[in-house]
Number of protein chains: 2
Amino acid sequence: MRIAILGTGTVGRTLAGRLAGLGHEVSVGTRDVEGTRARAEWTYAAPQLASFADATADAEVVVNASGGTVTMDVLAAAGEDHLAGKILVDVSNPLDFSAGFPPTMFVKDTDSLAEQIQAAYPLTRVVKTFNTMSADIMVDPLSLAGGDHTIFVAGGDAHAKTTVTGLLREFGWTDVLDLGDLQAARGLEMWLPLWLRLYGTLGTGSFNIKVVR
Amino acid sequence: MRIAILGTGTVGRTLAGRLAGLGHEVSVGTRDVEGTRARAEWTYAAPQLASFADATADAEVVVNASGGTVTMDVLAAAGEDHLAGKILVDVSNPLDFSAGFPPTMFVKDTDSLAEQIQAAYPLTRVVKTFNTMSADIMVDPLSLAGGDHTIFVAGGDAHAKTTVTGLLREFGWTDVLDLGDLQAARGLEMWLPLWLRLYGTLGTGSFNIKVVR
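Quick notes on the rules
Residues numbered from 1 in each chain as written. Chains lettered and ligands numbered in written order. Predicted model: local features only at pLDDT ≥ 70, side-chain atom pairs only at ≥ 80, totals over all residues. Heavy atoms only, no water. Buried < 20%, exposed > 50% of the residue type's maximum accessible area, 1.4 Å probe, protein only. Helix = DSSP H or I, 4+ residues; strand = E, 2+ residues; numbered from the N terminus. Pairing = 2+ DSSP bridges. Axes fitted to C-alpha atoms, helices over the stretch in contact; angles between N-to-C directions. Contact = heavy atoms within 4.5 Å. Phe/Tyr/Trp six-rings, centres within 6.5 Å; stacked < 30°, edge-to-face > 60°. Salt bridge = Lys/Arg side-chain N within 4 Å of Asp/Glu carboxyl O.

Engineer: Just to check I follow, could you spell out the pairing of strand 4 (residues 61–64) of chain B for this structure?
Structural biologist: Put simply, side chains in a regular strand alternate between the two faces of the sheet. Residues and elements named next belong to chain B. Taking every second residue as pointing to the same face, both faces of strand 4 are buried, with V61 and V63 on one and V62 and N64 on the other. Sheet topology places strand 4 next to strand 5 (residues 87–90); four bridges connect them, and they run parallel. Looking at strand 5, one finds that V63 is bridged to V89.

Engineer: What am I meant to see in the sheet that holds strand 2 (residues 25–29) of chain A here?
Structural biologist: Hydrogen bonds between backbone atoms are what pair the strands of a sheet, whose relative direction is either parallel or antiparallel. Residue and element names in this part refer to chain A. The six strands are arranged 3-2-1-4-5-8 in an open sheet whose pairing can be described as parallel. Single-partner strands in this sheet number two, and they are strand 3 (48–50) and strand 8 (125–128). With strand direction ignored, the average angle separating the axes of adjacent strands in the sheet is 25°. Contacts from helix 6 (residues 113–120) reach strand 4 (61–64), strand 5 (87–90) and strand 8, with the element oriented near 175° to strand 8. Here helix 8 (residues 158–171) sits on the sheet in contact with strand 1 (2–6), strand 5 and strand 8, set at roughly 45° to strand 8.

Engineer: Explanation requested: the sheet that holds strand 4 of chain B in the structure shown.
Structural biologist: Residue and element names in this part refer to chain B. Taking strand neighbours across the sheet as the criterion, the six strands line up as 3-2-1-4-5-8 in an open arrangement whose pairing is parallel. Here the strands that pair on one side only, and so sit at the sheet edges, are strand 3 (48–50) and strand 8 (125–128). Strand-to-strand twist in this sheet, taken as the mean axis angle between neighbours without regard to direction, amounts to 25°. Contacts between helix 1 (residues 10–21) and the sheet are confined to strand 1 (2–6), strand 2 (25–29) and strand 4, with strand 1 contributing the most and set at about 165° to the helix.

Engineer: Help me understand the packing of aromatic side chains in this model?
Structural biologist: Here a ring pair, both rings aromatic, is described through the centre-centre distance and the interplanar angle of the planes. The final tally for this structure, using the stated rule, is nine aromatic pairs over all chains. Pairing A:W191 with B:W191 gives two aromatic rings, centres 5.9 Å apart and planes at 70°, and the pair type is edge-to-face. One end of the pair, A:W191, is in the loop between helix 9 (185–190) and helix 10 (192–202); the other, B:W191, is in the loop between helix 9 (185–190) and helix 10 (192–202), on a second chain. As far as the burial class goes, A:W191 and B:W191 line up, both buried. Here the aromatic residues A:W195, A:Y199 and A:F207 are joined through ring pairs into a cluster of three or more.

Engineer: How should I be thinking about the environment of A:G205 in this particular structure?
Structural biologist: Residue and element names in this part refer to chain A. Its place among the elements puts G205 in the loop between helix 10 and strand 11 (208–212). Its relative accessible area of 13% is what places G205 among the buried residues. Sequence separation between G205 and I137 is 68 residues; the distance between their C-alpha atoms is 8.4 Å.

Engineer: When you look at the pattern of salt bridges in this model, what are you seeing that I'm missing?
Structural biologist: Any two side chains of opposite charge can pair, so long as their charged atoms come close to each other. The full count for this structure, using the stated rule, is 20 salt bridges over all chains. Residues A:D109 and B:K108 are paired through a salt bridge, measuring 3.1 Å at the closest nitrogen-oxygen approach. In this pair, A:D109 sits in the loop between strand 7 (104–105) and helix 6 while B:K108 sits in the loop between strand 7 (104–105) and helix 6 (113–120), so the two residues belong to two different chains. Take A:D109: its relative accessible area is 9%, and that puts it in the buried class. Across the pair A:K161 and A:D178 runs a salt bridge, and its minimum N-O distance is 2.9 Å. Placement of the pair is A:K161 in helix 8 and A:D178 in strand 10 (residues 175–178), with a sequence separation of 17 residues. The class for A:K161 is buried, based on a relative accessible area of 8%. Among the charged side chains, a network of salt bridges with common partners joins A:D90, A:K128 and A:E189.

Rendered as C-alpha cells:
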C-alpha cells in the first residue's frame, strides 16, 4: 500500500520504518526536506522524504503523526485535494506542552482533535487509532506480554476502519476494539493524562492497557 | 473498621454491602433517612442508615460514593469537624448528565474533583480510588478474569493509601497501582469518557483495564 506519514518525530519515524519493513511504499512528509534529511536519526532508515503535499499526493493512506498543536497546519500544507477521499489515520493528541509538564489539553470533553479534522476535511475518512500508547508498542505489540493488550479504532467509515485494522494486524495486533464513530476520539484523547501519569509512575513507555472483559 | 459510606446509589449500596459482609462496622449517610429506608433496594441489606453528619461522626474511614455534582454539598453536610483527620476515599466523578448522554465533565484537565475536595478539607486525607470501574467490579475483582486487572490509588498521604490498599486487598485486589499524589486524579477522572464509550460498545459494565507492563 502507498502510505504517507506526516511528521518526523518519534511516532512518524517509528511508523515509517515499520511500514516500510512490511513492504509498503512509504513517503514521509516534512516541512523542511533538506533539514530533516540531515538529522542524524534518519541515517538508519533513509525513507522517501518529501514535502507534506508531495508525500500525500499519491498515497492511499495518510497517517497524521504530527504533534497536536501543529496538526491543522500540517494537514493544510498536505492539501485538501490530496486528502479528499483518502483514509487519514489520526495518531495525534491535543496536548499543549508550552506551559511545561503536565501538558494541558486544548480540545477535550465535548470535542476532539479527530472530530475537528473530520469537520475540516469532510471528504477524508478519518480513523483514530494508535494515540493511546508509545510508538514502540504501536508497531510491535508482540514485544509486550506477547501482544495480549488492546488497541482501539474509531471512525465513521466502516471500510476505512477495516483497512486500518488490516494494517494493525500486520503489525501483530490481535485485540482491535472498534469503538464506533469518531466521537469515541474524545475518550481516546482524554486517556492521555492517565497515560502520562502511568509513564511517570512506571518510568517507561513500554506499557499498554488491556480491556479485560 | 468503622466505615461511613456517603451516598445511597448503586456504588454506595454495593460498597456498603461488601464492607459489612467483610465484618466492618458500616454506616450509610443519606440526606433522607426515612425515605432511603423505605426504598425497596435496601430491603436485602438493612445497613445502619443515618444522616451524613451522624454517619461520619464516629467513622475512621469515610467513602464519598455520592454523585460528582452533589459531592461538595454532601461533604458539607457531613461536616468539616467530622471529616478532619480522617481518610476520605473519593469514588466520585465530575460528570454532569443534565444535558443527556454523553455527560460533560465539570472539572477537568488542570484540576480534579478529588483535588477540589482536598483543597476544601485540608485536614482530611483524600485517597482517590474505585472511580475507574463499575460497582460490581470494585467489590469483587475476582469475578472478572480471576482478578487479573488493575485498580489505582492516588493521594498525598502514604499512610492513608496503605490503609485503603489494605481494604482493596480484602476485596480481592492484587494489582493495586499507586500513582502518587492527588494530581493523578485528573487522569483517573478523565478516563471516564473512554470508560463510558467502552460501556456502550461492550454493552456491559463488567470490564476493567489491566495495565500491562
